[in-house]
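# Geometric and topological summary
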Amino acid sequence: MSWFSGKVGNLVRDAQRGAHAAAERAAERAQAVGAAAGARNADELAGELEAQARRVNGPQGAVELLARWLERSDGGQCSFPLAGTGEGTHGLAEPLNFHQVILRSQALEILLD
């Protein structure tokens with residue numbers, strides 16, 4: 001009986017982790033939709049990514065965060081303007097995609113520390 005209850009407990013924990021990860025991905029997708037509407041610039045997104053990296057607890061959390069970032073990076077549908085672009089710079093700077101923003105930020109370095 002103990003073996004069976006252990007297996008059931010493991011299944012429940014795995015399902016809870018999966019549901020939590022799915023909820024976080026859904027929240028990030030909702031944020032990405034807001035970003036597509038011009039809500040954030042590249043520097044603001046970089047700050048958010050760095051904050052996410054600082055909140056990671058343990059190797060499993062790091063793997064899940066990297067998987068979410070990779071998923072967003074592969075999407076490529078959003079663009080984020082550089083801070084300070086506009087009339088003063090004559091619009092010469094092109095917006096960055098998620099992949100470029102994450103490489104430009106210190107999020108990966110923070111995650112590895």
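Residues numbered from 1 in each chain as written. Predicted model: local features only at pLDDT ≥ 70, side-chain atom pairs only at ≥ 80, totals over all residues. Heavy atoms only, no water.

Summarising the element assignment, Arg 40 is placed in the loop between helix H1 (2-36) and helix H2 (42-54). A polar contact of 2.3 Å, which involves the side chain of Arg 40, links it to the side chain of Glu 48. (Helix = DSSP H or I, 4+ residues; strand = E, 2+ residues; numbered from the N terminus. Polar contact = N/O pair within 3.5 Å; in protein donor to acceptor, adjacent residues only side chain to side chain.)

What follows deals with the confidence of the model for the chain. Model confidence for the chain is summarised by a mean pLDDT of 78, while 73% of its residues fall at 70 or above. No element of the chain has a lower mean pLDDT than H1, which averages 68, and none a higher one than H2, which averages 93. (pLDDT = per-residue confidence, 0-100.)

Along the polypeptide, Val 101 turns up in helix H4 (residues 98-104). When the C-alpha atoms of Val 101 and Ser 73 are compared, they prove to be 9.5 Å apart, with 28 residues separating the residues in sequence. Setting aside its immediate chain neighbours within four residues, Val 101 contacts Ala 42, Leu 45, Ala 46, Leu 49, Phe 80 and Leu 96. (Contact = heavy atoms within 4.5 Å.)

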